[in-house]
Each structure stands twice: as C-alpha cells, then as structure tokens.
Amino acid sequence: MDRHPSPVRRGSPAVGFDEPMDVQFDIGARLNAMRSAAGMSQRQLAERAGVPHAQISNVENNKVSPSISTLRKILNGLGVNMADFFEPERSPPTGPFFDADQLIDLTSKVATTTMGDGLGRMVFRQIGDARGHNLQILHEVYDPQADTGQTLLQHASSEGGYVVEGELEVTVGDEVRVLKAGESYLFDSRIPHRFRNISGSRTVVISACTPPYL
C-alpha cells in the first residue's frame, strides 16, 4: 500500500480509491508540518513508524504517493489517525445517530491506485469518533479489481465485517475464501490478511476494528 507532482487519482462515485484526487491537499507539506510540530527528524519518524528513512523524505517532497497502509504506518509514528491528518479542524459528529453525509471520508485524498496491487478503487468512510470509542466502524466499497495488496496487512487489532453486496476475497494467514453477500468474517488482525474484489461488480462491506487501525 505506497504522491504527487503528476495528477493523482481519487475515486469514483461510491467508495474506494480512484477519481481525480483533491489536488488542493498537499500530503507532503502536511506531513512535514506535523513532524516538525512534534519535534522529530525524518530519521526519528522513520524509526518510530518502521519505514525506510528515504520514504519520509520522498513523501514530504511529493516524490512518491503514499499508499493507505504506508501512510497509516507513518501516522502511527506521529500518534495521529487518518481523520486527524486530513481534517484536523473537523470534530467528529457525536451521535448517537448519523446522517449519510456525516460519515468521515478516510481515503479520497489518497491516490486510489496506491492502496494495493489492483486497478479498482476503494473508499472507506468512518462512523463517528473511532478513537473516542476505541472502535472503528467503516462503510467500505471495493470496485472490481480493488486489492489491498500482495504485502499483507497486519496490525494489533481485532476486526470483523459483513458483506452487504457483491463478493470479497478474504485472506487470513493461510486461509482464503470468497465471501458473498450475507457472509462475514472475524479474526485477529495480527494475522497477515488481504482483501480483494475479484468479481466484475462492486462490493460493499460494513466492518469494525478495535482498536482503530486507520
């Protein structure tokens, strides 16, 4: 999962990663400002995040487009989440109820194609204040060929999901299964895992993760 100078993409209608991205948001400048405010050098942040030192420099100088997973690792080194990074002034609605337009978009400012190895986009939208409740609930949409990548995801959480529409191939460790609408998953996120839409139609999933990952 690893922006800029050339136009980057954002996504298509429903959810994912691949329509012209918000070129007004400068990921490199934002990361540089947050790292400087935290009093960390690029090398210190790289060590905390567990990424190569050059990767921090490349992202800050907009030489590469960070994938969702790479950006998440870097932000973890800063102790912030995706919502804080992209919309620091926005306070999550407190609920207990939320309108459709109140979900927090975690992905549209990141190039869709950098999410993984597939060509399809993904869009993840969060319900309310995930950190405040120590629970991240997402509405996920995977376009055909959307893929979180051959580099499997792995983080200290537990997660589960329910396929609302379409099909989703889920890999958990050595187990692989294509889940159809009405089927679900639940596992320890420390086990390497991957999500792919290998069908010709979009897939919609409602998922939950604790503690929050994105």
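Residues numbered from 1 in each chain as written. Predicted model: local features only at pLDDT ≥ 70, side-chain atom pairs only at ≥ 80, totals over all residues. Heavy atoms only, no water.

**Looking at the packing of aromatic side chains**
Consideration 1: According to the stated counting rule, one finds five aromatic pairs in the structure shown.
Consideration 2: On the numbers, 5.1 Å between centres and 80° between planes, the contact of Phe85 with Phe86 is edge-to-face.
Consideration 3: Consider the rings of Tyr185 and Phe195, whose centres lie 5.5 Å apart with planes at 45°: the pair is tilted. Of the two residues, Tyr185 is situated in strand β7 (residues 184-188) and Phe195 in strand β8 (residues 193-196); the sequence distance between them amounts to ten residues.
Consideration 4: Taking the relative accessible area as the measure of exposure, Tyr185 reaches 10% and is therefore buried.
Consideration 5: Pairwise contacts between aromatic rings join Tyr185, Phe187 and Phe195 into one cluster.
Consideration 6: A cation over a ring is seen here: Arg30 above Phe85, with NZ or CZ 5.8 Å from the ring centre. (Phe/Tyr/Trp six-rings, centres within 6.5 Å; stacked < 30°, edge-to-face > 60°. Helix = DSSP H or I, 4+ residues; strand = E, 2+ residues; numbered from the N terminus. Buried < 20%, exposed > 50% of the residue type's maximum accessible area, 1.4 Å probe, protein only. Lys NZ or Arg CZ within 6 Å of the ring centre and 35° of its normal.)

**Considering the side chain of Gln126**
Consideration 1: Of note, Gln126 is situated in strand β2 (residues 122-126).
Consideration 2: For Gln126, a relative accessible area of 5% puts it in the buried group.
Consideration 3: Of the polar contacts made by the side chain of Gln126, one reaches the backbone oxygen of Gly128; its length is 2.8 Å.
Consideration 4: Setting aside residues up to four positions removed in sequence, Gln126 forms contacts with Leu103, Ile104, Leu106, Gln136, Ile137 and Leu138. (Polar contact = N/O pair within 3.5 Å; in protein donor to acceptor, adjacent residues only side chain to side chain. Contact = heavy atoms within 4.5 Å.)

**Digging into the sheet that holds strand β3 (residues 136-142)**
Consideration 1: The sheet built from six strands is open, its strands ordered β1-β2-β3-β9-β4-β7 with antiparallel pairing. Bordering the open sheet on either side are β1 (104-105) and β7, each of which pairs with just one other strand.
Consideration 2: One ladder, built from five bridges, connects β2 with β3; its direction is antiparallel. Considered in β3, the bridge of Gln126 is made with Leu138. (Pairing = 2+ DSSP bridges.)

**Side note on the packing of helix α1 (residues 27-37) against helix α3 (residues 53-60)**
Consideration 1: It is at 7 Å that the axes of α1 and α3 come closest, and there the two elements cross at 120°. In terms of their interaxial angle, α1 and α3 are classed as oblique. Between α1, through Ile27, Gly28, Ala29, Leu31, Asn32 and Arg35, and α3, the contact on the second element is made entirely by Ile56, Val59 and Glu60.
Consideration 2: Per-class residue counts for the contact of α1 with α3 are five nonpolar, two polar and two charged. (Axes fitted to C-alpha atoms, helices over the stretch in contact; angles between N-to-C directions. Parallel < 35°, antiparallel > 145°, perpendicular 65-115°, else oblique. Nonpolar A, V, L, I, M, F, W, Y, C, P; charged D, E, K, R; others polar.)

**Describing the pattern of salt bridges**
Consideration 1: Using the criterion set out here, one finds nine salt bridges in the structure.
Consideration 2: Between Arg190 and Asp188 there is a salt bridge, with the nearest N and O atoms lying 2.6 Å from each other.
Consideration 3: Note on Arg190: relative accessible area 53%, which makes it exposed. (Salt bridge = Lys/Arg side-chain N within 4 Å of Asp/Glu carboxyl O.)

**Side note on the packing of helix α2 (residues 42-49) against α3**
Consideration 1: α3 packs onto α2 with a crossing angle of 115° between their chain directions and a minimal axis gap of 8 Å. Of the two possible hands of crossing, α2 and α3 adopt the one that is right-handed. Contacts between α2 and α3 involve Gln42, Arg43, Leu45 and Ala46 from the first element and His53, Ile56, Ser57 and Glu60 from the second.
Consideration 2: Of the residues contributing to the contact of α2 with α3, the split by class is three nonpolar, three polar and two charged. (Left-handed = near helix turned anticlockwise from the far one by under 90°.)

**Brief notes about α1**
Consideration 1: Along α1, the residues that are buried comprise Ile27, Gly28, Leu31, Met34 and Arg35. Seen from one end, α1 has its buried residues packed into an arc of 135°, which puts them on one side.
Consideration 2: Residue Asp26 occupies the N-cap position of α1, its side-chain oxygen lying 3.1 Å from the main-chain nitrogen of Gly28. (Arc of directions from axis to C-beta.)

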